[in-house]
Amino acid sequence: MSASKPTLLLEHYLKALRLPTMLREYGKLAEVCRQERADYQTYLLQLTERELSDREVRSAERRVKAARFPVLKTLDTFDFSAQPSINRELVLELMRGEYVQKRQNVLLCGNSGTGKTHLATALAHASCLQGRRVRFYTCTGLVTELLEKREERQMERVLGQLERHQLLVLDELGFVPFTKAGAELLFEVVSRAYERTSLIVTTNLPFEQWTEVMGSERLTGALLDRLTHHVHILEANGDSYRLKESRGRVAKGVPARRGRESS
Ligand code: ADP
Ligand code: MG
């Protein structure tokens, strides 16, 4: 049976208006509404609601993809009992995302393997679902990219792109010391983000040692000043989860996983 002219036209218009969910659902829903004797407004309401909710899901997926998380982690897989030093109430409060609205920062400090990257990712992921533009970087990754872009005279463009985000994750500050140029670029990012873009920074270093990575006391002071003006600090001082996990495996006689995970 060939489709009638109104049906063909309707489908054409729904495509032209970019309403894919309405296009997919209008027939099925019409049948349901007919059976339930729902009126025209109810039918249209339900159809538009489906379009809207699908659209929200699609754009959240796009934002999560654009954030480029190295591995997607969420809070439901985080075991607080394994890391009692983490302030759970503060994590739950931060998950609500008000700090992003207020352009405040989060600093996650602690030894390797204490769940800093996991929590930073979970917070940033929640922020994506709340409609924010988010981007995840390792500090070295970001600095390397900026140095490269500077060579190509594209640095301003990249800094401009960073500014269009509402939340940036700067993971692993302190793993590798920066060159002078690198430290200045990191400072530039933090400085431009000040009171405009929220930052989540993870680090294994106490503040006293930041100068060692940044190379200059003056730059470190200025960076810390901006970063910590409006900041929520989460500290993890327990044992490494990775270490505990592999010890558990060894105890059970299961071979350790191969390959290296980043910290
Ligand atoms: P860090 O960034 O502090 O070095 P990660 O966040 O990378 O640590 O954690 C290392 C690994 O252990 C990751 O796979 C992470 O998901 C897991 N992990 C760490 N802490 C926890 C926890 N409390 N509950 C569940 N998984 C955890
Ligand atoms: Mg890490």
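Values in this document were obtained by computation on a predicted structure and should not be read as measured data.

### Things to note about the pairing of strand 4 (residues 198-203)
Here's step 1: In terms of burial, strand 4 is largely enclosed, as six of its six residues are buried.
Here's step 2: Both faces of strand 4 are covered, namely the face carrying Ser 198, Ile 200 and Thr 202 and the face carrying Leu 199, Val 201 and Thr 203.
Here's step 3: The pairing of strand 1 (residues 105-110) with strand 4 spans four bridges and is parallel. Bridge pairing links Val 106 to Ile 200 in strand 4.
Here's step 4: Pairing between strand 3 (residues 167-173) and strand 4: five bridges, direction parallel.

### Re the sheet that holds strand 1
Here's step 1: Reading across the sheet, the five strands line up as 2-3-4-1-5 and stay open at both edges, with parallel pairing between neighbours. In this open sheet, the two strands that pair with only one neighbour each are strand 2 (134-138) and strand 5 (231-236). Averaged over all pairs of adjacent strands, the angle between their axes in this sheet comes to 15 degrees, without regard to strand direction.
Here's step 2: The sheet strands contacting helix 9 (residues 180-193) are strand 3 and strand 4, and the helix crosses strand 3 at an angle near 145 degrees.

### A word on the confidence of the model for the protein chain
Here's step 1: Scored by pLDDT, the protein chain comes out at a mean of 93, with 94% of its residues at no less than 70.
Here's step 2: Overall, residues 256-263 carries pLDDT values under 50, and its contacts beyond four positions in sequence, including any with other chains, amount to twelve contacts.

### Some words on the pattern of salt bridges
Here's step 1: Enumeration according to the criterion identifies twelve salt bridges in this entry.
Here's step 2: With its nearest N and O atoms 3.1 Å apart, the salt bridge here joins Arg 24 to Asp 54. With a gap of 30 residues between them, Arg 24 in helix 2 (residues 20-35) and Asp 54 in helix 3 (residues 40-67) connect regions that are remote in the sequence.
Here's step 3: For Arg 24, a relative accessible area of 48% puts it in the partly exposed group.
Here's step 4: Between Lys 149 and Glu 152 there is a salt bridge, with the nearest N and O atoms lying 3.9 Å from each other.

Cut-offs used in this document
Residues numbered from 1 in each chain as written. Chains lettered and ligands numbered in written order. Predicted model: local features only at pLDDT ≥ 70, side-chain atom pairs only at ≥ 80, totals over all residues. Heavy atoms only, no water. Buried < 20%, exposed > 50% of the residue type's maximum accessible area, 1.4 Å probe, protein only. Helix = DSSP H or I, 4+ residues; strand = E, 2+ residues; numbered from the N terminus. Pairing = 2+ DSSP bridges. Axes fitted to C-alpha atoms, helices over the stretch in contact; angles between N-to-C directions. Contact = heavy atoms within 4.5 Å. pLDDT = per-residue confidence, 0-100. Salt bridge = Lys/Arg side-chain N within 4 Å of Asp/Glu carboxyl O.

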